[in-house]
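A closer look at the structure
As a plain string of letters, each chain reads:
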Amino acid sequence: MSSTLFRTKKVEQSILDTEEPEHALKKSLSALDLTIFGVGVIIGTGIFVLTGTVAKNNAGPAVALAFVVAGVVCALAALCYAEFASTVPVAGSAYTFSYASLGELPAWIIGWDLVLEFALGTAVVAVGWSGYIASLLDNAGWHLPEALSGREGADGFGFDILAAALVLVLTAILVVGTKLSARVTAVVVAIKVTVVLVVIIAGAFFVKGDNYDPFIPKAQDVPAGDGLQSPLIQLMFGWAPSNFGVMGIFTAASVVFFAFIGFDVVATAAEETRNPQRDMPRGILGSLLICTTLYVAVSVVVTGMQHYTRLSVDAPLADAFKATGHPWYAGFISFGAAVGLTTVCMILLLGQTRVFFAMSRDGLLPRFFSRVHPRFKTPHRPTILLGVIIAIVAGFTSLSELAELVNIGTLFAFVVVAFGVLILRRTRPDLHRSFRTPWVPFIPILSVAASLWLMLNLPAETWLRFAIWMAIGIVVYFLYGRGHSRLGRQETATAGQAGKGPNGPAE
């Protein structure tokens, strides 16, 4: 039984499956498109919100170093992703990579994890986008009824119509074509990068050196938490993380990591890239470098504009400009945040549908969802299904308490991909690799260690919820996926043919 659970799908077979006409995605993306996708999904809520939270509570002005640490953790994983995406240019990202290196059950587990990560991330961001739009409408004198703004009205009913509408519109765009979504993303990314650059350039004129003193505030031990809300590392080892000081920077890094979530979604578009061997590494690493640079610059400026002890937690960038007597910038930043979150939703939804599509093409989910649209060559069936489900979830649910699941899901994918690079280097040294992760095995091992460290800094409650979701996934695999696995059926058919002689069953 264990041999079937860990059977691997050859890279050559994965690539061959992408050539079947009814299951083939249209190749239309370039390195620039991929970089725009990466920047589009990374620059979101994190840069507009988390800067103030971690500066005030964890790192002070040294929040810039926390962004560097988080960026380095992502860069280690990005080097591993780049090797896989250029070697196995197939939809599915970490799911496909795991199938080629670790086996079917690990691949299912990571695929199930990615479905949760992208779905939850899309819904959370859609609700956040709705809040920004509602605020802008309020400023213009237009007010949505409470029952349609996500808040319960007098009759106890509450549905976030804006969040649901956003998801449905983006679903329609993704059905029409990936190239169209890339063009929409390019326009929106240009707007929000402009907003970020305005913050950096304009804010630099209001920086005061005294606000950086002290740059790394004196360390303070975090008091013991209560029950499951404590970081797992505290419950396991009795060691409390620090606020401020050098260790406070690492604690902050585990929080601001949320701001980097999404760069790995670029790998899910490998199958739709014209020259994945060349363009995937450029798109993944390029978008990460651009965003890390912008994050560090923004955090340096905002902590220089206002002392970290007075920074706003909800809207630090906008409120910092208000504090310097320039409220116009606050509205401009809110507009940029609302526009920016649009692409985050779109690309997370794109990533989820590609993982779902790849799993259905392998038979682990119903094959019905693996047929592409005859005209647009997009996986329209899973896109519509997941889009409607996420729209309903975003409309009815406030998911703030589950947001950490997105973090732990992404970090878990990083660990699996890094292990996969090590294993595939050993089992398939003959494979042509257009991009090779440098310093193997040092870089993959360091990536695993760094990701696990950040995971240990997440609340134990997050680990419990994650374990429950994984347990449900394993049950689904044994009830459906294992019996319908396309690879498993091919092996059974091959074994059946081998067991027959020319005149009947072999003796």
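Only a predicted model underlies this, so the values are computations on that prediction, with no experimental measurement involved.

**Things to note about the overall build of the chain**
Summing up its helical and strand segments, the chain has 19 helices and four strands in all. Counting the 507 residues in the chain, one finds 57% classified as buried. The contacts in the chain between residues at least 6 apart in sequence include a share of 83% that link residues at least 24 apart. Just so you have it, the chain exposes about 20300 Å², and 67% of that area is on carbon and sulfur atoms.

**Examining the packing of helix H3 (residues 31-42) against helix H12 (residues 276-305)**
If you want to describe how two helices pack, look at the angle between their axes and the distance between the axes. Contact geometry of H3 with H12 gives a least axis separation of 8 Å together with a crossing angle of 40°. Relative to H12, the crossing made by H3 is right-handed. Touching Ala31, Leu34, Thr35, Gly38, Val39 and Ile42 of H3 are Asp279, Met280, Arg282, Gly283, Gly286, Ser287, Leu288, Ile290, Cys291 and Tyr295, all from H12.

**A look at the packing of aromatic side chains**
Summed over the entire model, instances satisfying the criterion amount to 21 aromatic pairs. For the pair Tyr81 and Phe97, a centre-to-centre distance of 6.2 Å together with 70° between the ring planes defines the contact as edge-to-face. With Tyr81 in helix H5 (residues 63-87) and Phe97 in helix H6 (residues 94-101), the pair connects residues that are 16 residues apart, well separated along the chain. For the pair Tyr81 and Phe97, one class covers both residues: buried. Between Trp328 and Phe332, the ring centres sit 5.3 Å apart and the planes meet at 10°, which makes this aromatic pair stacked. On the criterion of helical spacing, the pair formed by Trp328 and Phe332 is a turn pair, its members being four residues apart in helix H14 (residues 327-361). For Trp328, a relative accessible area of 59% translates into the label exposed. On the accessibility criterion, Phe332 (22% relative accessible area) is partly exposed. Taken together, the aromatic side chains of Tyr81, Phe84, Phe97, Phe257 and Phe414 make up a single cluster linked through ring pairs. The ring centre of Phe368 lies 4.1 Å from the NZ or CZ of Arg381, which sits over that ring.

**Here's the deal with the packing of helix H8 (residues 161-176) against helix H15 (residues 380-396)**
In contact at an axis separation of 8 Å, H8 and H15 are set at 170° when each is read in the N-to-C sense. Classified by the angle between their axes, H8 and H15 sit roughly antiparallel to one another. Listed contacts from H15 to Ala163, Ala164, Val167, Leu168, Thr171, Leu174 and Val175 of H8 are His380, Thr383, Ile384, Gly387, Val388, Ile390, Ala391 and Ala394. Here the residues of the contact of H8 with H15 sort into eleven nonpolar, four polar and no charged.

**Quick look at the pattern of salt bridges**
Enumeration over the complete set of coordinates arrives at 15 salt bridges. For Glu20, the salt bridge is made with Arg486, and the minimal N-O distance between the two is 2.6 Å. Separated by 466 residues along the polypeptide, Glu20 in the loop between helix H2 (11-17) and H3 and Arg486 in helix H19 (residues 486-498) bring together distant segments of the chain. Judged by relative accessible area, Arg486 falls into the buried class, the value being 19%. For the salt bridge of Arg465 with Glu461, the shortest nitrogen-to-oxygen distance reads 3.5 Å.

**Regarding unusual backbone geometry**
Across the junction of Asp213 and Pro214, the peptide omega takes the value 0°, indicating a cis bond. Relative to the elements of secondary structure, Pro214 occurs in the loop between helix H9 (178-204) and strand E1 (220-221). Along the chain, Val440 connects to Pro441 via a cis peptide bond; the corresponding omega equals 10°. Relative to the elements of secondary structure, Pro441 occurs in the loop between helix H16 (404-427) and helix H17 (442-456). Positive phi is not limited to glycine here, since Ser93 has a value of about 55°. With respect to the secondary-structure elements, Ser93 resides in the loop between H5 and H6. Of note, Lys377 is a non-glycine position whose phi angle comes to about 60°, a positive value. Take Lys377: it is sitting in the loop between H14 and H15. When its relative accessible area of 31% is taken as the criterion, Lys377 is described as partly exposed.

**Things to note about H14**
For H14, which comprises 35 residues, the first-to-last C-alpha distance of 52 Å matches the rise-based estimate of 51 Å (1.5 Å per residue) to within 8%. H14 sits mainly inside the fold: 28 of its 35 residues count as buried. A positive backbone phi angle near 85° is found at Gly363, which sits one or two residues after H14.

**Remarks on the side chain of Ser101**
Secondary-structure assignment places Ser101 in helix H6. With a relative accessible area of 8%, Ser101 lands in the buried category. One polar contact links the side chain of Ser101 to the main-chain carbonyl oxygen of Phe97, over a distance of 2.8 Å. When near neighbours in sequence (up to four residues on either side) are disregarded, Ser101 contacts Thr8, Phe84, Gly420, Ile423 and Leu424.

**Thoughts on a nonpolar patch on the surface**
There is a patch of nonpolar side chains on the surface, built from Met236, Phe237, Trp239, Val246, Met247, Phe250 and Trp453 and spanning about 660 Å² of accessible area. Residue contributions to the nonpolar patch peak at three residues, all from helix H11 (residues 245-256). Taking relative accessible area as the criterion, Val246 reaches 54% and is therefore assigned exposed.

**Structural notes on the environment of Phe435**
Mapped onto the fold, Phe435 is located in the loop between H16 and H17. Residue Phe435 is classed as buried on the basis of its relative accessible area, which comes to 18%. Counting along the chain gives 351 residues from Phe435 to Phe84, while the straight-line C-alpha distance between them is 8.3 Å. Those residues within four positions of Phe435 in sequence are excluded, and the remaining contacts are Leu79, Ala82, Glu83, Ser86, Pro281 and Leu285.

**Regarding the nonpolar core**
Formed by 149 residues in total, the largest nonpolar core has its most connected members in Ile43, Phe48, Tyr81, Tyr95 and Ile284. Sorting elements by how many residues they give to this core places helix H7 (residues 104-139) first, with 17 residues. In contact with Ile284, not counting residues within four places along its chain, are Ala78, Tyr81, Ala82, Ala85, Phe263, Val266 and Ala267.

Reading the values: the criteria
- Residue indices begin from 1 for each chain and proceed along its sequence in written order.
- Reporting in this predicted model follows two pLDDT cut-offs: at least 70 for local features of residues, and 80 or more for side-chain atom pairs to be given and counted; totals over whole chains, interfaces and linings ignore these cut-offs and use all residues.
- Water and hydrogen atoms play no part in the side-chain values, which are based on all heavy atoms of the structure.
- In DSSP terms, a helix is any run of H or I states spanning at least four residues, a strand is any run of E spanning at least two, and both are numbered starting from the N terminus.
- Only protein chains enter the calculation, and the probe is 1.4 Å; a residue is then buried if its accessible area is under 20% of its type maximum, exposed if over 50%, and partly exposed in between.
- Any pair of residues with heavy atoms lying within 4.5 Å of one another is described as a contacting pair.
- Accessible areas in this description were obtained via Shrake-Rupley with a 1.4 Å probe; residue shielding takes into account the shown protein chains only.
- Angular values range over 0 to 180 degrees, each being the angle between N-to-C directions of two axes fitted as lines to C-alpha atoms, with helices fitted over their stretch in contact.
- Crossing handedness follows the turn of the near helix against the far one: under a right angle anticlockwise gives a left-handed crossing, and clockwise gives a right-handed one.
- When two rings of Phe, Tyr or Trp (its six-membered ring) have centres within 6.5 Å they constitute a pair, described as stacked for plane angles under 30 degrees, edge-to-face for angles over 60, and tilted for the intermediate range.
- In this scheme, Lys NZ or Arg CZ marks a charge over a ring once it lies within 6 Å of the ring centre and within 35 degrees of the ring normal.
- Convention used here: angles under 35 degrees read as roughly parallel, angles over 145 as roughly antiparallel, angles from 65 to 115 as roughly perpendicular, and any remaining angle as oblique.
- Under the scheme applied here, ten amino acids are nonpolar (Ala, Val, Leu, Ile, Met, Phe, Trp, Tyr, Cys and Pro), four are charged (Asp, Glu, Lys and Arg), and all others, including Gly, are polar.
- Should a side-chain nitrogen of Lys or Arg be within 4 Å of a carboxyl oxygen of Asp or Glu, the pair is scored as a salt bridge.
- How far a helix is expected to stretch is found by multiplying one less than its residue total by 1.5 Å.
- Counted as a polar contact is a pair of N or O atoms within 3.5 Å, where, for protein atoms, one must be capable of donating a hydrogen and the other of accepting one, and residues adjacent in sequence contribute only when both atoms are in side chains.
- Without a salt bridge and with relative accessible area above 30%, a residue can belong to a patch; like charges are then joined within 9 Å and nonpolar side chains (Val, Leu, Ile, Met, Phe, Trp, Tyr) within 5 Å.
- In this text, buried Ala, Val, Leu, Ile, Met, Phe, Trp, Tyr and Cys residues form a nonpolar core when linked through side-chain atoms within 4.5 Å.

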